[in-house]
Amino acid sequence: MPAFSLEPSHTARCAELRALAEERLRPLAEKGEPGQVNRPLVAELGRLGLLERLFTAGALDLCLMRESLAYACTEAETALALQGLGAHPVHAHGTPAQRERWLPAVGEGTAVAAFALSEPGAGSDAAALSLSARPDGPSRWRLTGEKCWISNAPEADFCTVFARTTPGAGARGVTAFLVPADRPGLTGTALDMLSPHPIGALAFDAVPVSADDVLGEVDRGFRVAMGTLNLFRPSVGAFALGMAQAALDATLAHTSRRDAFGGKLRDLQSVAHTVAEMALRTDAARLMVYAAATAYDEGAPDVPKRAAMAKLLATETAQYVVDTAVQLHGARALQRGHLLEHLYREVRAPRIYEGASEVQRGIIAKELYAHLEVP
Ligand SMILES: Cc1cc2nc3c(=O)[nH]c(=O)nc-3n(C[C@H](O)[C@H](O)[C@H](O)COP(=O)(O)OP(=O)(O)OC[C@H]3O[C@@H](n4cnc5c(N)ncnc54)[C@H](O)[C@@H]3O)c2cc1C
């Protein structure tokens, strides 16, 4: 399938997802407690079969799901994405026992997952993480340290935790562990963010783990993290696109209705050119996201570069589009409860998480130079 156009079946699926988000998910999202995991919403995502698709569908399908849900209900989109981020390492690297214990429950929406990489002292420089896994007998370790800014923490039922098994070895000394929330020594606190989002910090006080909890191989956990991010980065771009499209559509409707200077706002050429620019940039970013996702599904060799480009362009574009939409709506956009007031808060974080925009530029440059043949 060409990356630049969707099949009619994809377009129909997106319309169906938007309608489901509006009718079945938005009412549940509105009943949720801000900043807390919304379990009825997660369960409904499971009943609709969307969580299972996280493990059966490819990257393009994941992008279309995230974009469509984000258009109508960002809370549902985020709940879906976080299940995928936390559980993908189990799906891709888990043992049969780990997969059997957790993946059906994640798919049904009865177990909530988290992906715990960031620490107070290691964000962008994730390879500097210091949460230690100290040996505690043969094939046993104790986890000690902190994780910070972990979505779904501390309420998640299990976390994929990245810990240092070999001190001083950088990215090569990190192991991924599947840690159930009821392990002794694991505690957490919620964090209050600009856009209410279930997120928190985790404290590990000699939490016991064994070889049965390892995801993938000892000291090879950084690959688990980067593989997960390569899949999810274009889809963060898709989340941003859904928000950009919602902001653009709201702006088209508003500027067509709003009386100003003896006509409608849309009659002002500067307004018309601005909405054209918003649409142009949104469509350009969409092409890049779909192309990156298609490259992932086809196992192309340049996935890290494309994933970084897609995430970078789409999240920066969405920030521009939402900000411009606020401008064209005037004061009403800033009133608490307005769609754009909500999107203005939501659109900010994706430029920071799963690799800040500057980190994406670093990845792109590294990939460009890695493939340069200097004569
Ligand atoms: C809403 C939200 C949800 C999150 N969810 C999760 C989660 O589920 N799991 C998880 O593990 N983490 C999560 N995070 C954490 C996120 O991944 C980190 O915030 C991110 O990696 C950046 O780390 P930091 O905040 O420590 O910023 P720092 O690493 O301190 O960077 C601060 C700024 O410095 C600049 N900078 C950093 N590195 C470079 C560079 N190489 N070149 C140029 N400039 C640079 C950038 O402007 C960057 O924004 C979440 C964050 C947010 C906001």
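Residues numbered from 1 in each chain as written. Predicted model: local features only at pLDDT ≥ 70, side-chain atom pairs only at ≥ 80, totals over all residues. Heavy atoms only, no water.

**A short note on the site of the ligand**
Formally: When at least one non-hydrogen atom of a residue lies within 4 Å of a molecule or strand, that residue is treated as near it. Any N or O atom pair separated by 3.5 Å or less is treated as a polar contact, with the protein-specific requirement of one donor-capable and one acceptor-capable atom, and with residues adjacent in sequence counted only for side-chain atom pairs. Areas reported as accessible are Shrake-Rupley estimates using a 1.4 Å probe. Residue values count occlusion only from the protein chains shown. The helix and strand labels rest on DSSP assignments: H or I over at least four residues marks a helix, E over at least two residues marks a strand, and numbering proceeds from the N terminus. Each domain's limits were defined by an automated method or a database of domain assignments.
Phe115, Ser118, Ser124, Trp149 and Ser151 are the nearest of the 17 residues found near the ligand. Interatomic distance of 2.9 Å between a backbone N/O atom of Leu117 and an oxygen atom of the ligand. For the ligand, a nitrogen atom lies 3.1 Å from a polar atom in the backbone of Trp149. Summarising the interface, the protein chains cover 64% of the accessible area of the ligand, which totals 970 Å² for the free molecule. With 3 residues, the top contributor of residues to the shell around the ligand is strand S3 (residues 140-151). The two domains that each donate at least three residues to the shell around the ligand are domain 2 (114-219) and domain 3 (223-370).

**Brief notes about helix H9 (residues 303-329)**
Defined as follows: One less than the residue count of a helix, multiplied by 1.5 Å, gives the span that helix is expected to have.
An ideal rise of 1.5 Å per residue puts 39 Å on 27 residues; H9 measures up with 38 Å between its terminal C-alpha atoms. Downstream of H9 by one or two residues, Gly330 has phi in the positive range, about 75°.

**Some points on the domain arrangement of the protein**
As a reminder of what qualifies: Contacts are residue-level and defined by heavy atoms, with any inter-residue pair within 4.5 Å sufficient. By buried area we mean the combined loss of accessible area, with a 1.4 Å probe, across both parts when two parts are placed together.
Domain annotation for the protein reports domain 1 (8-108), domain 2 (114-219) and domain 3 (223-370). The straight-line distance from the C-alpha centre of domain 1 to that of domain 3 is 20 Å. Counting residues at the interface gives 21 residues for domain 1 and 27 residues for domain 3. For the pair domain 1 and domain 3, the summed buried surface comes to about 2000 Å²; carbon and sulfur atoms form 67% of the total.

**Concerning the nonpolar core**
Definition in use: What is meant by a nonpolar core is a set of buried Ala, Val, Leu, Ile, Met, Phe, Trp, Tyr and Cys residues, joined one to another through side-chain atoms within 4.5 Å. Burial classification: accessible surface area is computed with a 1.4 Å probe over protein chains only, and a residue below 20% of its type maximum counts as buried, one above 50% as exposed, and the rest as partly exposed.
Core analysis: the biggest nonpolar cluster contains 107 residues, and Leu143, Phe162 and Phe177 have the highest contact counts within it. Per element, the largest residue contribution to this core is 15 residues, and it comes from helix H7 (residues 221-257). Setting aside its immediate chain neighbours within four residues, Phe177 contacts Ala133, Trp141, Leu143, Cys159, Thr160, Val161, Ala163, Thr165, Val209, Asp213, Val214 and Leu215.

**Brief notes about the packing of aromatic side chains**
What counts, and what does not: Stacked, tilted and edge-to-face pairs are distinguished by plane angle, under 30 degrees for stacked and over 60 for edge-to-face with tilted covering the rest, among Phe, Tyr and Trp rings (Trp via its six-membered ring) whose centres lie within 6.5 Å. Whether a charge sits over a ring comes down to the Lys NZ or Arg CZ being within 6 Å of the ring centre and within 35 degrees of the ring normal.
Scanning the model with the defined rule gives 3 aromatic pairs in all. With 4.6 Å between their ring centres and 40° between their planes, Trp102 and Phe158 make a pair best called tilted. Here the residue Trp102 occupies a position in helix H6 (residues 96-108), and Phe158 occupies one in strand S4 (residues 158-164), the gap between them amounting to 56 residues. For the residue pair Trp102 and Phe158, the accessibility class agrees, reading buried in each case. The ring of Tyr71 has Arg18 lying over it, and the distance from NZ or CZ to the ring centre is 3.8 Å. Sitting over the ring of Tyr320, Arg281 keeps its end group 3.7 Å from the ring centre.

**Some details on the pattern of salt bridges**
Heads up, the condition is: Definition used for salt bridges: Asp or Glu carboxyl oxygen within 4 Å of a side-chain nitrogen of Lys or Arg.
Enumeration over the complete set of coordinates arrives at 19 salt bridges. Put simply, Glu44 and Arg24 hold a salt bridge, and the shortest N to O gap is 2.8 Å. You can see Glu44 sitting in helix H2 (residues 39-47) and its partner Arg24 sitting in helix H1 (residues 8-31), a full 20 residues away along the chain. For Arg24, a relative accessible area of 39% gives the class partly exposed. Here the salt bridges do not stand alone but share partners, grouping Arg24, Glu44 and Arg47 into one network.

**Brief notes about unusual backbone geometry**
Here the residue pair Ala153 and Pro154 is connected by a cis peptide bond, since its omega of 0° sits within 30 degrees of zero. Following the sequence through the fold, Pro154 ends up in the loop between S3 and S4. The residue Asp219 is not glycine, and still its phi comes out positive at about 70°. The residue Asp219 is located in the loop between strand S8 (214-215) and H7 in this model. Of the residues examined, Asp219 reaches a relative accessible area of 22% and is grouped as partly exposed. A positive phi angle is found at Phe261, which is not glycine, with a value near 55°. Mapped onto the elements of the fold, Phe261 is located in the loop between strand S9 (259-260) and strand S10 (263-264).

**Focus: the side chain of Gln83**
With respect to the helices, strands and loops of the structure, Gln83 is situated in helix H5 (residues 74-93). Judged by its relative accessible area of 1%, Gln83 falls in the buried class. Within the structure, Gln83 has its side chain in polar contact with the backbone oxygen of Val106 (distance 3.4 Å). With residues near it in sequence (within four places) discarded, Gln83 still touches Val42, Leu51, Leu54, Val106, Gly109, Ala111, Val112, Ala113 and Asn152.

**Concerning the state of the cysteines**
Threshold: When two cysteine sulfur atoms lie within 2.5 Å, the pair is treated as a disulfide.
Counted by the stated rule, this structure contains 0 disulfides. The cysteine Cys63 is free of any disulfide, with Cys14 supplying the nearest cysteine sulfur at 10 Å. Assessed through its relative accessible area of 0%, Cys63 is described here as buried. This cysteine, Cys148, is not joined by any disulfide, and Cys159 carries the nearest cysteine sulfur, 13 Å off.

**Some points on the environment of Val42**
Within the secondary structure layout, Val42 lies in helix H2. Separated by 201 residues in sequence, Val42 and Met243 have C-alpha atoms that sit 20 Å apart. The residues contacting Val42, other than those within four sequence positions of it, are Val37, Leu51, Ala79, Gln83 and Gly109.

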